[in-house]
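Inside the fold
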Amino acid sequence: MPELPEIETIRRGLEPILTGRRIDRVVVRERRLREPVIPVQLRRLVGSRFLSIRRRSKYLLLGTDTGSTLLIHLGMTGQLWVTEVDQPRRPHEHVVISLSDGRDLRFADSRRFGMLLVIQTGNIDQHPRLRNLGPEPLDGSLTGDRLFQSTRNRTRPVKNFLIDTRSVAGVGNIYACETLHRARIDPRLPVGRIGRIRWERLVQSLRTVLAEAIEAGGTTFRDYLKADGEVGLFAVALRVYNRAGKPCLRCAGTIRRITQAGRGTFFCPRCQR
DNA sequence: AAATGAACCTGTTTGC
DNA sequence: TGCAAACAGGTTCATT
């Protein structure tokens, strides 16, 4: 379940490996992803070199020296790793990009919610998939005041607001729960009823939670690249997610699970208000 | 207009 | 025990 910290961890791992490498060959075995893969589009990348490895929200943007950017989303179950060419295929290995250093960049995705598309590097931000994304939580564009301003007279539960990529980029179900627990905010609270001070606290908590997760993810990234495909998720100490019925780690409360926007929300009714 | 729910998928867990 | 239903969640589209 890759959210922003997992994608950032992958980005940091890929950056030194891919930068400067040339794309020698592209093989598409399965094109039925969230958005159909267009083999012709990907094959046009052959001969280009990777220039920059960036991230926007949960998207990876692999920029090349020929004006194209390979946009990759891992959906729910996507995996992206570099491996020796003689390594056996993993299940659901849909795309293989052969690199000039003799290795492969491989993409696997059992549920096929992922995406690989090629776009022109100029005005990337205007691409339909990126155009409506909210501010990046880890740079200065996200402030408590901005969220306060944008939520006056709104009634959505704050949890639903947080996982909407138009509000804030890159926050998924797990880290939304963790952030709200840290900020001591009830996930059901309508956003319009949250004041400036609490928005500031929420943003602060979000940054802390994401930064800690990236830190933890970084420690397991080498394992991920080696072969086993594990994202560093299990190295992250989750305080509420998936802990229904267990004691709150901060107060005497018991973690509860409810459903919001069709997804599980975990929170402590005692210290989240 | 805003908010919610369904749909897309398959692997895993839960319940009868 | 075995099978089926429920669940997991990122994003987009449809509906209320």
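Details of the structure are given in the entry above.
Quick look at the structure, then. (Residues numbered from 1 in each chain as written. Chains lettered and ligands numbered in written order. Predicted model: local features only at pLDDT ≥ 70, side-chain atom pairs only at ≥ 80, totals over all residues. Heavy atoms only, no water.)

Attention now goes to the protein's contact with DNA strand C. Neighbouring DNA strand C are 17 residues; His73, Arg111, Arg129, Tyr241 and Arg257 lie closest to it. Take the atoms of DNA strand C that sit within 4 Å of the protein: sugar and phosphate atoms are 60% of them. Separating a base oxygen of DNA strand C from a side-chain N or O atom of Arg34 is a distance of 2.9 Å. Within the contact set of DNA strand C, a phosphate oxygen lies 3.1 Å away from a backbone nitrogen or oxygen of Asn173. (Near = heavy atom within 4 Å. Polar contact = N/O pair within 3.5 Å; in protein donor to acceptor, adjacent residues only side chain to side chain.)

Let us look at the sheet that holds strand 8 (residues 115–120). The strand order across the open sheet formed by 4 strands is 2-3-4-8, and the pairing between neighbours is antiparallel. Two strands close off the open sheet at either side, each with one partner strand: strand 2 (50–56) and strand 8. Shown here is a sheet whose adjacent strand axes are inclined to one another by a mean of 20 degrees, direction ignored. Across 5 bridges, the pairing between strand 3 (residues 59–64) and strand 4 (residues 68–73) is antiparallel. (Pairing = 2+ DSSP bridges. Helix = DSSP H or I, 4+ residues; strand = E, 2+ residues; numbered from the N terminus. Axes fitted to C-alpha atoms, helices over the stretch in contact; angles between N-to-C directions.)

Ordered in space as 1-6-7-5, the 4 strands form an open sheet in which the pairing is antiparallel. Strands at the two margins of the open sheet, each flanked by one partner only, are strand 1 (23–28) and strand 5 (78–84). This sheet shows a mean twist of 15 degrees between the axes of neighbouring strands, independent of strand direction. Across the sheet, helix 1 (residues 4–18) touches strand 5, strand 6 (93–99) and strand 7 (103–109), and the angle it forms with strand 5 is around 30 degrees. (Contact = heavy atoms within 4.5 Å.)

Attention shifts here to the pairing of strand 8. The buried count for strand 8 comes to 5 of 6 residues, which makes it a mostly enclosed element. For strand 4 and strand 8, the ladder comprises 6 bridges, and the chain directions are antiparallel. In the strand pairing of strand 8, His73 is matched with Met115. (Buried < 20%, exposed > 50% of the residue type's maximum accessible area, 1.4 Å probe, protein only.)

This brings us to the protein's contact with DNA strand B. Inspection of the region around DNA strand B gives His92, Ser110, Arg111, Arg112, Phe113, Arg154, Thr155, Arg156, Pro157 and Asn160 as its neighbouring residues. Per the 4 Å cut-off to the protein, sugar and phosphate atoms form 67% of the nearby atoms of DNA strand B. Residue His92 places a side-chain N or O atom 2.6 Å away from a phosphate oxygen belonging to DNA strand B. Taking Arg112, its side chain carries an N or O atom lying 2.8 Å from a phosphate oxygen of DNA strand B. Class assignment of the residues belonging to the surface near DNA strand B gives a composition of 2 nonpolar, 4 polar and 4 charged. (Nonpolar A, V, L, I, M, F, W, Y, C, P; charged D, E, K, R; others polar.)

The next point concerns the layout of surface pockets. A water-sized probe rolled over the atoms picks out the places where empty space is left. Of the volumes computed, that of the largest pocket is approximately 870 Å³. Taken together, 26 residues line the largest pocket, and the ones lying closest to its centre are Lys58, His73, Gly75, Met76 and Arg263. Every element with two or more residues in the lining of the largest pocket is listed here: helix 6 (173–183) and strand 10 (263–267). Partitioned by chemical class, the residues of the lining of the largest pocket number 11 nonpolar, 8 polar and 7 charged. Counting the residues that make up the lining of the largest pocket, at least three belong to each of domain 1 (4–131) and domain 2 (144–267). (1 Å grid on protein atoms, 1.4 Å probe; cavity = no way out; pocket = protein on both sides within 12 Å on 5 of 7 lines; lining within 4 Å. Points joined across faces, edges and corners; volume = space filled by probe spheres on them. Domains from an automatic or database assignment.)

The analysis is restricted to geometry; functional conclusions fall outside its scope.
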